[in-house]
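Understanding the architecture of this molecule
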4 protein chains.
Amino acid sequence: MAYAILLASCPDQKGITAVVTDFIYRRGGNIVDADQHTDMDASVFFIRVKWELEGFLVSRDRISEEFSSVAEQFSMDWRISFSDHVPRIAVFVSRHLHCLYDLWFRHISGHLPCDFRLVISNHADAAFFCAQAGVDFVHIPVSPQTKDEQELRQLEILADRQIDLVVLARYHQILTSAFVDQYPRRIINIHHSFLPAFAGGSPYAQAYQKGVKIIGATSHYVIPELDQGPIIDQDTVRVTHRDSIADMMRIGQDLERVVLYKAVRWHLEHKIFCYGNKTVVFD
Amino acid sequence: MAYAILLASCPDQKGITAVVTDFIYRRGGNIVDADQHTDMDASVFFIRVKWELEGFLVSRDRISEEFSSVAEQFSMDWRISFSDHVPRIAVFVSRHLHCLYDLWFRHISGHLPCDFRLVISNHADAAFFCAQAGVDFVHIPVSPQTKDEQELRQLEILADRQIDLVVLARYHQILTSAFVDQYPRRIINIHHSFLPAFAGGSPYAQAYQKGVKIIGATSHYVIPELDQGPIIDQDTVRVTHRDSIADMMRIGQDLERVVLYKAVRWHLEHKIFCYGNKTVVFD
Amino acid sequence: MAYAILLASCPDQKGITAVVTDFIYRRGGNIVDADQHTDMDASVFFIRVKWELEGFLVSRDRISEEFSSVAEQFSMDWRISFSDHVPRIAVFVSRHLHCLYDLWFRHISGHLPCDFRLVISNHADAAFFCAQAGVDFVHIPVSPQTKDEQELRQLEILADRQIDLVVLARYHQILTSAFVDQYPRRIINIHHSFLPAFAGGSPYAQAYQKGVKIIGATSHYVIPELDQGPIIDQDTVRVTHRDSIADMMRIGQDLERVVLYKAVRWHLEHKIFCYGNKTVVFD
Amino acid sequence: MAYAILLASCPDQKGITAVVTDFIYRRGGNIVDADQHTDMDASVFFIRVKWELEGFLVSRDRISEEFSSVAEQFSMDWRISFSDHVPRIAVFVSRHLHCLYDLWFRHISGHLPCDFRLVISNHADAAFFCAQAGVDFVHIPVSPQTKDEQELRQLEILADRQIDLVVLARYHQILTSAFVDQYPRRIINIHHSFLPAFAGGSPYAQAYQKGVKIIGATSHYVIPELDQGPIIDQDTVRVTHRDSIADMMRIGQDLERVVLYKAVRWHLEHKIFCYGNKTVVFD
């Protein structure tokens, strides 16, 4: 069954939920999920509503047009998506492939509804796996000298394949602003620490040196500032003095996989709203 | 600021959210929190809405009457509560007092908004603490021979003090149906295992014998069947072969305290809806 | 570098650690890991010691013989293993393949040091994956009528391949005692609940009906009694009223994968000691 | 029953465990707990051994002297403690009293074996509680102008009462080096974030601004550099966009209490070894 999904935010005031749900109800829509949130400090209201397209009296290509009067009334920042649109994703990896494997097997198990179209890497390690899995693999080596040029090539490929979402699944290159700005709120990264602790390189080595008793992983949207984008999900796990850096890397992989997967899944389900440099996740 | 809180469930159909929120909006109400849930299997709809009484055009003693037409339209099981009503609670304990201490200190820290009126115990251990804290303490010893009679005495005291909620904070007596039936969905118990595992007596000893690697705690509403009532919250913690039964008891207390507290707090905030033998917690 | 690993238990008495470590020290051994535990209730002592073979004055084929006098002195139940022996494992699956995928990718990532030799299934679903991965796949359909005969066939194959450890990675057939008795403490199963809760079939459906707020997974050695063997590891995760049975199955898979993996890894590293129906895990 | 507890570290080499356990065994000691750890990077060996004093052939006042030859042989940094020595602790608080309450009730429940002698505060809030509990309370207001002088007064009181361990249970004053240097590795602080994230003031507000999805707490030994001392324990808990700063403070308190308690308990049990700026916790 297909659904329409409204994600909206606006200055808080009375009656927003009533007007939005009434809009849907009067057009024959059956709401299957509704969630709202008010940021009391900022006085901003957020709403996510999901309703059945079947029986809805407005055809899907006219829904946004009709809703725009409601949106204007409340000065909304909004979008309406449809659950049967299958987003196209490209996964960027380097040499650690556990997140790629994980996303792929969740995908073929039906838990990551997307068009898993493309893997791009600065190394050749993932080529064999992609060949077996039947996923396009593009090897684009990157050096400091070739970075700008290679990013242009990456962007061309992404545009050519009409990619909706870029997933950095342990891609060990820092993307330039020029790249990031092409996909605002559409690049998700996994960082292998509980940000803001241990941003930058070698977070497990940093954690080991510091002697922390928990390690973590963070998925976030990418902005030009390294490891500073809006956090989508985080998780942590206990370590002890017995765990070497290699142990932390191994143990942390289990976090990275789940934390990245959840972020990608929520994005695909239109459950994430960014504002300021934070996220509202309507889980 | 005072709020009205509607908790309702009904057979699922279109338009419930729209009609409910419209009811509030048209009477000048500002909704500050709204949550809904649909049990797809049972086709049952649940809603919780919280709105400001200030500015609401219906006086509080007439709200339920006005809302009853909406409730009838959807065949709702419902109630409306007011956030400034301070519920009166009675805490039953035996000899383990950690949950009592915990509830009390959360109460005086402002995290458990209630009238912490009364402690009843079959032992005298809590008497000194209650005297210091300034809480009424009633010592009612219970033996198999005197149980029925003593329960009557307990019920008299609860009625006399107009107790809204009974909290069994490690009360090691099994209440009879005669008692339980007087406070349906208004008695919360903490059981020191992750139910349904290790129901009944000595759950830590059972867990130790079984060799489990996690232990847990469960808060639930009490029904006549022992440890079988609707589960409100649960949590678990890792143990190892090094932990003796005494260690498990000590470690488990940290779970018991939090799991019981959360259940009591949610109950006081009108966030729990029971149906069948399960709960919906609008956390 | 190669190591010898002693796992032993015996009635508790003075001096065991001293005598054991002295035995190794006097023969030039460098202990890199030593752990011990005393079950005070049962008065049983457990020890695990790992030392470098390089520089040890006793050749590996004579170590057990030399140690036997120490073992006799304390009436030990013991074995000495060598870290460079690569155990051969066979993985049994049915239609849910997430645990198989997971074990495989940990294996090729170097985190599961074994000879991943063989997959046996009563369904054909895993055939394609195994072909790609280059792992032998044997399809052995099982019906109530053919079970005994097919188990004999399975046992033949296991014997033929000299399998050391059988991993039931969501294998949905109950093994008979005749089978289990051939591999005592050498069959590891993953059960998708926090045992002892929800033993038997459809544990997620059972959990949903009960309305629990946490679900879990348990890895254990298999004994003839279904889901009753010594527990090796468990973990749990929170669910809410919003989670359907399908959601629980999806969420629970993340537990199953890690909990099974940890059990297999610990077994391969000679870190698990069974006694009674419990385990000591020298993690 | 009384025990001797050896905590030692030294450059790693062969035979340390054997020599240490042999030392105890030959003098009739029954080892009830032994744990060791080797930091492979730094090539440092750590050992903790606990044995029964009953039956030990060396009187307790001569044990250290006899052991010193072993210690010299391996160039150990070491100390031997006795389990029946009851350490005297002083708890410093300001206005948040949840950690004080928690430590106190664990103490009277028998879970924190110490002489809970003294509470010092720069505010009067804890006075009433201390009076009821029968604990000495000293009110020492601190202003920037009076800080040095008041710290001298605090130090006098600590010396006078022969305090072994200072616990900063949400004491909102930064201690000077002059103070800290008097109690090296004998001041434990609770910081309300997962360090190194959000060091310094108002960590919950920092966490809220950053939009993290987990918050944490850290217990550590105090060194002159603020929030930089060796970490003893940490824990984290999930938050969502719905949680205000006030919610985070409330939720985080449950972490703070347990994380501080565990650190204090481990310290009292001689389970913590500091090296570099890290800890080994023989839990």
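Because the structure is a prediction, the values reported are computed rather than measured. Sequence order as written defines the numbering, with residues in each chain counted from 1. Each chain is given a letter, starting from A, and each ligand a number, starting from 1, according to the order in which they appear as written. Totals for whole chains, interfaces and linings use all residues, but because this is a predicted model, local features are given only for residues with pLDDT of at least 70 and pairs of side-chain atoms are given and counted only at 80 or more.

**Structural notes on the overall build of chain A**
Stated formally: Secondary structure elements follow DSSP: runs of H or I no shorter than four residues count as helices, runs of E no shorter than two count as strands, and numbering proceeds from the N terminus. We compute the radius of gyration from the C-alpha atoms alone; for a globule the expected value is 2.2 Å times N to the 0.38, where N is the number of residues. Partly exposed residues are those falling between the two cut-offs: more than 12 but fewer than 20 other C-beta atoms within 10 Å of their own, whereas 20 or more means buried and 12 or fewer means exposed, with C-beta atoms placed from the backbone. A pair of residues counts as a contact when their C-beta atoms, built from backbone coordinates, are within 7 Å of each other.
When its secondary structure is counted, chain A shows eight helices and 13 strands. A compact globule built from 283 residues should have a C-alpha radius of gyration of about 19 Å, and chain A, at 21 Å, falls within 12% of that. Counting only C-alpha atoms and orienting by the principal axes, one finds that chain A spans roughly 60 × 40 × 35 Å. Among the 283 residues that make up chain A, the fraction classed as buried is 44%. A separation of at least 24 residues holds for 67% of the contacts in chain A among residues at least 6 apart in sequence.

**Details of the relation of the copies chain D and chain A**
The condition is simple: Copy-to-copy alignment: least squares on C-alpha atoms, limited to residues at pLDDT 70 or above in both.
It takes a turn of 180° to lay chain D on chain A, together with a shift of 0.0 Å along the axis; the resulting RMSD is 0.0 Å. A rotation of that kind, with that shift, is consistent with a two-fold axis. No C-alpha of chain D lies nearer the rotation axis than that of Ala197 of chain D, which sits 2.4 Å from it. The overlap is high: 100% of the interface residues of chain D also sit at the interface in chain A, so the same surface is used on both sides.

**Points about the nonpolar core**
To be explicit about the condition: Throughout this description, the term nonpolar core refers to a group of buried Ala, Val, Leu, Ile, Met, Phe, Trp, Tyr and Cys residues whose C-beta atoms join them within 7 Å.
By size, the foremost hydrophobic cluster in this structure holds 322 residues, and its most contacted members are Ala169 of chain A, Ala169 of chain B, Ala169 of chain C together with Ala169 of chain D. Filtering out sequence-adjacent residues up to four positions away, Ala169 of chain D remains in contact with Val91, Phe92, Val93, Cys99, Leu100, Leu103, Ile190 and Leu260 of chain D.

**Considering the interface of chain C and chain A**
Test applied: Charged means Asp, Glu, Lys or Arg here, nonpolar means Ala, Val, Leu, Ile, Met, Phe, Trp, Tyr, Cys or Pro, and polar covers whatever is left, Gly included.
Contacts between chain C and chain A engage nine residues on the former and nine residues on the latter. For the side of chain C that touches chain A, the elements supplying multiple residues, two or more each, are helix H3 (98-108) and helix H8 (245-268) of chain C. Residue composition of the side of chain C that touches chain A, grouped by class: three nonpolar, four polar and two charged.

**A short note on the relation of the copies chain C and chain A**
Here the two chain copies are tied together by a rotation about an axis and a shift along that axis. The two copies are related by a screw operation: chain C maps onto chain A through 180° of rotation and 0.0 Å of translation along the axis, at an RMSD of 0.0 Å. Here 100% of the interface residues in chain C have copies in chain A that are interface residues too; the copies meet face to matching face.

**Details of the environment of Ile24 of chain C**
Tracing the chain through its elements places Ile24 of chain C in helix H1 (residues 16-26). Taking the C-alpha atoms as reference, Ile24 of chain C lies 35 Å from Asp181 of chain C; in sequence the two are 157 residues apart.

**Some thoughts on the packing of helix H3 (residues 98-108) of chain D against helix H8 (residues 245-268) of chain D**
All names here are of chain D. What counts is decided by this rule: Helix axes use the C-alpha atoms of the stretch in contact, all axes being lines fitted to C-alpha atoms, and the angles between their N-to-C directions lie in the range 0 to 180 degrees. Under this scheme an angle from 65 to 115 degrees is roughly perpendicular, one under 35 degrees roughly parallel, and one over 145 degrees roughly antiparallel; angles in between are oblique. For any pair of crossing helices, the crossing counts as left-handed if the nearer helix is rotated counterclockwise from the farther one by less than a right angle, and right-handed if it is rotated clockwise.
Orientation of H3 relative to H8, taken along the N-to-C sense of each, is 50°, at an axis distance of 9 Å. Taken together, the axes of H3 and H8 lie oblique to each other. Two packed elements cross with a definite hand, and for H3 against H8 that hand is right-handed. Residues His98, Cys99, Asp102, Leu103 and Arg106 of H3 form the contact with H8, whose participating residues are Gln253, Glu256, Arg257, Leu260, Tyr261 and Val264.

**Some words on the domain arrangement of chain A**
All names here are of chain A. Note the following rule: Where each domain begins and ends follows an automated or database-derived domain assignment.
Examined at the domain level, chain A breaks down into domain 1 (3-82) and domain 2 (88-281). A straight line from the C-alpha centre of domain 1 to that of domain 2 covers 31 Å. Listed by partner, the interface residues are eight residues for domain 1 and five residues for domain 2. Taken together, the residues of the side of domain 1 that touches domain 2 break down into four nonpolar, three polar and one charged.

**Digging into the pairing of strand E9 (residues 187-191) of chain B**
Residues and elements named next belong to chain B. Using the following cut-off: In this scheme, strands are said to pair when DSSP sees at least two bridges between them.
Across the five residues that make up E9, a large majority, five, are buried. Pairing of strand E8 (residues 165-168) with E9, which is carried by three bridges, proceeds in the parallel orientation. Bridge pairing in E9 places Val166 opposite Ile187. Of the strand pairs in this sheet, E9 and strand E10 (residues 214-221) are connected by four bridges, and their pairing is antiparallel. When the bridges of E10 are listed, Ile188 appears paired with Tyr221.

**Digging into the interface of chain D and chain A**
Counting residues at the interface gives 23 residues for chain D, matched by 23 residues for chain A. When contributions to the side of chain D that touches chain A are tallied by element, the ones reaching two or more residues are strand E11 (231-238) and strand E13 (278-281) of chain D. In terms of residue class, the side of chain D that touches chain A is built from ten nonpolar, eight polar and five charged.

**Some words on the sheet that holds strand E9 (residues 187-191) of chain A**
Residues and elements named next belong to chain A. Taking strand neighbours across the sheet as the criterion, the seven strands line up as E7-E6-E5-E8-E9-E10-E11 in an open arrangement whose pairing is mixed. A single partner strand is all that each edge strand has here, and the edge strands are strand E7 (136-139) and strand E11 (231-238). When the angles between neighbouring strand axes are averaged without regard to direction, this sheet yields 15°.

**Thoughts on unusual backbone geometry**
Here the bond from Leu195 of chain A into Pro196 of chain A is cis, since omega is 10°, no more than 30 degrees from zero. Residue placement: Pro196 of chain A occurs in the loop between E9 and helix H7 (203-210). Here Arg185 of chain A, not a glycine, exhibits a phi torsion of approximately 55°, which is positive. Following the sequence through the fold, Arg185 of chain A ends up in the loop between helix H6 (177-180) and E9. Even without a glycine there, the phi angle at His270 of chain B is positive, about 60°.

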